[in-house]
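This is what each chain is made of:
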Amino acid sequence: MKLPYRWLQELVAVPDGVDAVAAKLGLRGFEVASVEQGAEPVIDFDITANRPDCLSVLGLAREASAAYALPLRQPDRSMPAAGPAPSLEVSLEEADLCPRYCAHAFEVLALGGSPEWMRVRLEAAGVRSINAVVDVTNYVMLEMGQPTHAFDLARLRSGALVIRRARSGERMRTLDGIERALEPDMLVIADGERAQAVGGVMGGAESEIGAGTRVMVLESACFKPASVRRTSKRLGLKTEASTRFERGADINAAPAAIARAAALFDQIGAARPLGGLIDRYPKPQPPIRLRLRGDRIARVLGVSVADGDVPAILGPLGFEVRTTPDAVHSAATERSEAPAFRAPSITARTPDAPRPSPFALPTWDVTVPTFRVDVLREIDLIEEIARHDGYVGLPATFPRLTAPQPPPDPRTLRDRTIKQVLIASGLSEAMTFAFVERAAALPFARETDPAALANPLSEKYAVLRPSLLPGLIDAAAYNRRRERRDVRLFETGARFTRDGENRAVAAVWSGAAAIPHWSGGARGVDFYDVKGVVETLCRTLAVEIAFEPASRPYFVDGRAAEVIVRRKADAAGAARGARPVDSGVSRKIAGEVGQITASALEARGFPANEDVFAFELDVDAIAALQPSGDVRAESLPRFPSVVRDLSILVDAVLPAASVRGTIRSSAPPTLVHIVEFDRYRGKGVPEDRVSLSLRMTFRSPERTLTDAEVDDGMERIVAALASAHNAVRR
Amino acid sequence: MDISSLKQQFTAELAAAASEAELRALRDKYLARKGGLVSALLKHVASAPADVRPALGRQANELKQHIDAQVGERLAEASARRPAADAVDVTLPGRDPLIGHRHPLTLLRDRIESFFLRQGFLIVEGPELEDDYHNFEALNMPAEHPARDMQDTLYLASPVTSATGTPATLLRTHTSGMQVRYMERYPPPVRLIAPGRVYRRDNLDLTHTPMFTQVEGLVVGDDVTLADLKGTLVAFAHDLFGPDRGTRFRPSFFPYTEPSAELDITCASCGGSGCAMCKQTGWVEVLGSGMVHPAVFEAVGYDPERYTGFAFGVGIERLALLKWGVEDIRLFYENDLRFLEQFPL
């Protein structure tokens, strides 16, 4: 809302310059967008949605009059002498959508330009001057906040205005020249036959006033906000009028605006009234009356307000304030009635002073002016009291803690742990948008189509991500295009399907496996680097995992695995290497790890000949399998362990997990640990075979093991490997 | 050359000799059997007149011993300084461990969470897919409410099953829905923050992204006041921006709070005197807040006569722009490692 400073001064004699006035109103809740200096200074305010009354010079002038404790001068609204009434019939059929409809006929005397003073003000307020009649209607709208509309009476069939819903299939051309299809829940102002205006939104071209107009009908109405908003959105037509009506109009401004327009028409010699005011107002609305309790003010604000200050603050804003007869007087009231324009004071409640007793504070009866459509209950009056001094007098205190907090959300802590492990593993945290291009999402969407947005910003953000990987691949490609080869990124966050959302963590890794060093040892990232991160993460989250070969459209064949997560049998058992109990519910496919295909990389702008490895895990699935209790500390081994190495030749395609499984099932219970320490193919090893070296640790919790019994165990292991896998000891 | 000037010359040359090789060459120059300067001098002594011969001989021998001792001492020093054969070059670069970086928004979120945890707040998290009721209606924003324009919403093409049971139709525009859910479930007192990603249909520019991160707070009790809100937010601003930063708490409007307030801090670029960044006001807006509207309490079944409360909401990206002088909010979502690695681990 652009407020021309001189226009304001006409209504309130503010003593300050334009900057100081802007700052003062800014502190009362009217945010200043900009201040234009110059010959016609203008303050542009961002008016909040609750204050349609301040989409007007008068509304802002009222605030200024309260802020400066200066009287508000009301503009001239005296009705000039009227000529004989023409034939005009107004029927209000939809009082639900239009509670009040006023109209008045005017004889057009001169449709030329409006006087310079009016043109200057309109232009300062951002409105183009058109002709004397239109300029007056715009002037009234800017001054009072009440939109009006002029019809050419000669163009209204049957000399009638009918306020009704649009008929099914009805069309009309609005003032902007666009032909519009109307729908039955839209309110129109029609003549005897056809719609001539969309109520509260825009007039029609057919009955627009022009050079030939001799008699016009000026409409000033109050339209229901929800209806105007719905219609304006449906038609894609946002106007000065609809902006004001959808926020709520003053029901009593309808006749007042006509009087104001008549006075202005008279002043500039543009038109003269014919007949009397037509006022269709079937259910007159009494003003809202509210009870305002002194103790409630203190209770909400944390400060008590002197009794005399309440009428002093509310009066200038247009509220009628009366102390109720049942009010109990306190010491504060001894100061008696405050003068009408006194700068009120707010006093802080000191921490050690007890809250003022509610019984000592009075209650007021407040009548809300009809232009304050935002004031509906007591709390709204309390805000009026609070904002009076821009919260400057408000002390800074702290809320008391009165009860212990429930335990924190485990998801917050889990996310934090996941981030810590991955950062410690060398991955940096990325954040990508939750919506992606459909083409990028499709390969990652299992079974169903990804969840789409109804009104996406663009095709680039059309669907909700079914996986975190498309965003991470894009982020890797972004870095790669900026000469960054070594990219290690992870993200935690929600991913979406048509069945809802799910928390996940994913990572991509390209380039080197370690930070390059002059000592050499440089090597590119491989499957086992990324698998190791997954293993470390799952170990931290205290779940058992296994990997099984898998096939995915975005992973290279033979370089992808599913991650199977199991609940830990028990902490102690897991540490001893015992096989976890495998029941159906305690085992879930919780993710995958693999190498991204060249085509998937190329599609997103990453060089296809470079290796990118990735993993993604379902955090919710892992969380469901995490142990609930505390870690049980285990006593440390009291007897020494015996370590034996074993090298065997097996088929190259035999999974290491099978070898490990055979060893575990054939070994004595004293076997506590197995680890592969070498895998070799080449000279000395037959073509389709591989040399696998394993280190086994044996230990008993009760005694020192003898060489003989370990040898015996090893023999049984070798025999089992020979029979199960045709393994040959090297 | 006489003995004393020969000694002088040696002293100067010894001072100039740095390496072990130079020291050895210096000793040879004076003491070598063949061609050494002192050796030549000693030979010359034999042919000197008898009366000066003993003194000359003694002086020449003293010089020889002096040179031998001095060079010997310096050689011993040099040898002691010589590094061990297997010594490391401490000036070569070390091997960097592989370690990643927290995203700056996580860094700031952790910092904010830690402030509110110290004040006894609970952290709650909730769904990103929401229904209209929890995102708008329960927050005093019925359908066709003009304030809905303040939060342009991204809607789902078709409803999606939500973890909370009701079908979700939109991407949450704020985390307030979580506060509603919490109040529906638990009686007062309430003292929580709800951090998370939120979505609005804003085109990308220097200060807008269609997804951003919010932290909202809610305190409800028998005795919670607007003054308590001011105290809490001013302390928060001072924790984040330093105790010297000016703060301003001023009236505003949100449909779910009444009275509503915004918190400003003095502009960092001009220090409060007014510049382009703060639109000449000297202040920059940090967050929105207010006393919970009684209609919200009614929607969740709290008695608005008995309880009062405050709520606030802040965009972490906005705080990050203000705190670190980041000029373009899009940087947070481009994931350029050169940007991410600028922030502490």
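Since we're looking at a predicted model, the values are computed, not measured. All chains use their own residue numbering, which begins from 1 and follows the written sequence. For this description, chains carry letters from A and ligands carry numbers from 1, given in the order in which they are written. Totals for whole chains, interfaces and linings use all residues, but because this is a predicted model, local features are given only for residues with pLDDT of at least 70 and pairs of side-chain atoms are given and counted only at 80 or more. In computing side-chain properties, one takes all heavy atoms of the structure into account and sets aside hydrogens as well as water.

Peer 1: So what exactly am I meant to see when it comes to the overall build of chain A here?
Peer 2: Looking only at helices and strands, one finds 20 helices and 32 strands in chain A. C-alpha atoms define the radius of gyration in this analysis, and the globule rule sets the expected value at 2.2 Å times the number of residues to the power 0.38. For 730 residues, the compact-globule estimate of 2.2 N^0.38 gives 27 Å, and the C-alpha radius of gyration of chain A, at 40 Å, exceeds that figure by more than 25%. C-alpha atoms of chain A, sized along the principal axes, occupy 125 × 70 × 50 Å. Summary of the burial criterion: residues with accessible area below 20% of their type's maximum are buried, those above 50% are exposed, and those between are partly exposed, where the area comes from a 1.4 Å probe applied to protein chains only. Per-residue burial for chain A yields a buried fraction of 55% across its 730 residues. Numbering of helices and strands runs from the N terminus; a helix is a DSSP stretch of H or I covering at least four residues, while a strand is a stretch of E covering at least two.

Peer 1: Explanation requested: the domain arrangement of chain B in the structure shown.
Peer 2: A common way to report how large an interface is uses the accessible area buried once the components associate. Taken as a whole, chain B is organised into domain 1 (3-81) and domain 2 (104-340). Segmentation into domains, and thus their bounds, comes from an automatic or database assignment. With centres defined by C-alpha atoms, the gap from domain 1 of chain B to domain 2 of chain B works out at 87 Å.

Peer 1: I tried to follow the sheet that holds strand E30 (residues 671-680) of chain A on my own but got confused; where do I start?
Peer 2: Within a sheet, adjacent strands bond to each other through the backbone by hydrogen bonds, running parallel or antiparallel. Residues and elements named next belong to chain A. Paired strands, as defined in this entry, are two strands with at least two bridges between them according to DSSP. Ordered in space as E30-E31-E29-E32, the four strands form an open sheet in which the pairing is antiparallel. The sheet is open, and its two edges are formed by E30 and strand E32 (728-729), each paired on a single side. Residue contacts follow a heavy-atom distance rule, with two residues in contact if any of their heavy atoms lie within 4.5 Å. Note on geometry: axes are C-alpha line fits, over the in-contact stretch for helices, and angles between N-to-C directions span 0 to 180 degrees. Running over the sheet, helix H19 (residues 656-666) touches strand E29 (642-651), E30 and strand E31 (689-698) and is turned about 145° from E30.

Peer 1: Honestly, the pairing of strand E5 (residues 190-199) of chain B in this entry has me stumped. Any pointers?
Peer 2: Put simply, side chains in a regular strand alternate between the two faces of the sheet. Residue and element names in this part refer to chain B. Among the ten residues in E5, ten count as buried, and that is most of the element. As paired elements, strand E1 (residues 122-123) and E5 share two bridges and run parallel to each other. Bridge pairing links isoleucine 123 to isoleucine 193 in E5. Bridge analysis of E5 against strand E6 (residues 211-221) gives ten bridges, and the strand direction is antiparallel. Opposite tyrosine 199, over in E6, you have methionine 211 as the bridge partner.

Peer 1: I keep staring at the nonpolar core and nothing clicks. Help me out?
Peer 2: Burial of nonpolar side chains together is a common tendency in soluble globular proteins. By size, the foremost hydrophobic cluster in this structure holds 117 residues, and its most contacted members are Leu292 and Phe435 of chain A. The element that contributes the greatest number of residues to this core is helix H8 (residues 226-241) of chain B, accounting for nine residues. Throughout this description, the term nonpolar core refers to a set of buried Ala, Val, Leu, Ile, Met, Phe, Trp, Tyr and Cys residues connected via side-chain atoms within 4.5 Å. Counting 54 residues, the second largest nonpolar core, distinct from the first, contains Met1, Leu3, Val18 and Cys102 of chain A.

Peer 1: Teacher, can you tell me more about the interface of chain A and chain B here?
Peer 2: Facing 104 residues of chain A, the contacting portion of chain B comprises 96 residues. The term buried area refers to how much accessible surface (probe radius 1.4 Å) is lost by two components on association, counted for both of them together. Its largest share of buried area at the contact with chain B, chain A owes to Tyr391, Met431 and Leu457 of chain A, together 9% of the area lost on that side. The salt bridge definition used is simple: a Lys or Arg side-chain nitrogen within 4 Å of an Asp or Glu carboxyl oxygen. Connecting chain A to chain B are eight salt bridges. With its nearest N and O atoms 2.7 Å apart, the salt bridge here joins glutamate 298 of chain B to arginine 377 of chain A. N or O atoms within 3.5 Å of each other form a polar contact, as long as, within protein, one can give a hydrogen and the other can take it, and as long as residues adjacent in sequence are counted only when both atoms are side-chain atoms. Summed over the shared surface of chain A and chain B, the result is 49 residue pairs in polar contact (both at pLDDT 80 or more).

Peer 1: Which parts of the structure should I look at to understand the packing of helix H9 (residues 294-301) of chain A against helix H11 (residues 378-387) of chain A?
Peer 2: The packing of two helices is summarised by the inter-axis angle and the distance between the axes. All names here are of chain A. The N-to-C vectors of H9 and H11 enclose an angle of 70°; their axes lie 10 Å apart at closest approach. Between H9 and H11, the crossing angle belongs to the class labelled roughly perpendicular. Read as a crossing pair, H9 and H11 show a hand that is right-handed. Contacts from Arg296, Ile297, Val300 and Leu301 of H9 reach H11 at Glu378, Ile379, Ile382, Ile385 and Ala386. Should an angle fall under 35 degrees it is taken as roughly parallel, and over 145 as roughly antiparallel, whereas 65 to 115 is taken as roughly perpendicular and any remaining angle as oblique. In this scheme, a crossing is called left-handed if the near helix is turned counterclockwise away from the far one by less than a right angle; it is called right-handed if the turn is clockwise.

Peer 1: Whenever I open this one, the packing of helix H5 (residues 104-118) of chain B against helix H10 (residues 316-324) of chain B confuses me. Can you help?
Peer 2: Residues and elements named next belong to chain B. Between H5 and H10, the shortest axis-to-axis distance is 10 Å and the interhelical angle comes to 95°. One element, H5, and the other, H10, form an angle in the roughly perpendicular class. Taken together, the residues of H10 that come into contact with H5 (itself represented by Pro104, Leu105, Leu107, Leu108, Arg109, Arg111 and Ile112) are Ile316, Glu317, Leu319, Ala320, Lys323 and Trp324. Here the term charged refers only to Asp, Glu, Lys and Arg, the term nonpolar to Ala, Val, Leu, Ile, Met, Phe, Trp, Tyr, Cys and Pro, and the term polar to all other amino acids, Gly among them. Of the residues belonging to the contact of H5 with H10, the class tally is nine nonpolar, no polar and four charged.

Peer 1: Would you explain the sheet that holds strand E1 (residues 2-4) of chain A in this entry?
Peer 2: All names here are of chain A. With antiparallel pairing, the three strands of this open sheet are ordered in space as E1-E3-E2. Each of the sheet's edge strands pairs with one partner strand only, and the pair in question is E1 and strand E2 (31-36). Shown here is a sheet whose adjacent strand axes are inclined to one another by a mean of 25°, direction ignored. As defined by bridge partners, E1 adjoins strand E3 (residues 42-46) across three bridges and the pair is classed as antiparallel.

Peer 1: What is the right way to look at the environment of isoleucine 163 of chain A in this model?
Peer 2: Residue and element names in this part refer to chain A. Inspection of the secondary structure puts isoleucine 163 in strand E7 (residues 160-165). Using a relative accessible area of 0% as the deciding quantity, one classes isoleucine 163 as buried. A C-alpha to C-alpha distance of 6.0 Å links isoleucine 163 and valine 188, two positions 25 residues apart in sequence. In this view, isoleucine 163 contacts Val90, Ser91, Leu92, Glu93, Glu94, Cys98, Tyr101, Leu187, Val188 and Ile189; residues no more than four positions away in its chain are not counted.

Peer 1: Sorry, what's going on with the environment of threonine 148 of chain A here?
Peer 2: On the secondary structure map, threonine 148 of chain A appears in the loop between helix H5 (132-144) and strand E6 (149-152). For the pair formed by threonine 148 of chain A and glutamate 535 of chain A, sequence separation is 387 residues and the distance between their alpha carbons is 72 Å.

Peer 1: Could you clarify how one ought to interpret the pattern of salt bridges in this entry?
Peer 2: Pairing between side chains of opposite charge can happen when the charged atoms of each approach one another. Residues and elements named next belong to chain A. Enumeration according to the criterion identifies 78 salt bridges over all chains in this entry. A salt bridge links arginine 260 to glutamate 143, with the shortest nitrogen-to-oxygen separation between them at 2.6 Å. Remark: glutamate 143 occurs in helix H5 and arginine 260 occurs in helix H8 (residues 253-268); sequence separation between them is 117 residues. Here arginine 260 and glutamate 143 have matching classes, each one buried. Note that glutamate 206 is salt-bridged to arginine 157, the shortest N-O span being 2.6 Å. In this pair, glutamate 206 is assigned in the loop between strand E12 (202-203) and strand E13 (215-222) and arginine 157 in the loop between E6 and E7, connecting sequence segments 49 residues apart.

Peer 1: Is there a simple way to explain the side chain of threonine 257 of chain B in this structure?
Peer 2: Residues and elements named next belong to chain B. Along the polypeptide, threonine 257 turns up in strand E8 (residues 257-266). You can call threonine 257 buried: its relative accessible area is 2%. A distance of 2.7 Å separates polar atoms of two side chains, one belonging to threonine 257 and the other to serine 260. The contacts of threonine 257, once residues within four sequence positions are left out, are Ser289, Gly290, Met291, Val292, His293 and Ala311.

Peer 1: Got a minute to help me understand the packing of aromatic side chains in this structure?
Peer 2: Pairs of aromatic rings are described using the distance from one ring centre to the other and the angle between the two planes. Two rings from Phe, Tyr or Trp (for Trp, the six-membered ring) form a pair when their centres are within 6.5 Å of each other. A pair whose planes differ by under 30 degrees is stacked, one over 60 is edge-to-face, and the rest are tilted. Counted according to the given criterion, the structure contains 27 aromatic pairs over all chains. Where phenylalanine 433 of chain A meets phenylalanine 435 of chain A, the ring centres are 5.9 Å apart and the plane angle is 40°; that geometry is what we call tilted. Both residues of the pair, phenylalanine 433 of chain A and phenylalanine 435 of chain A, count as buried. With a relative accessible area of 11%, phenylalanine 433 of chain A lands in the buried category. Site record: aromatic cluster; members linked through ring pairs are Phe115, Phe116, Phe121, Phe236, Phe310 and Phe312 of chain B. To sit over a ring, a charge needs its Lys NZ or Arg CZ within 6 Å of the ring centre and within 35 degrees of the ring normal. Over the aromatic face of tyrosine 68 of chain A sits the side chain of lysine 24 of chain A, whose NZ or CZ is 4.7 Å from the ring centroid. Here lysine 531 of chain A stacks its cationic end above the ring of phenylalanine 547 of chain A, 4.4 Å away from the centre of that ring.

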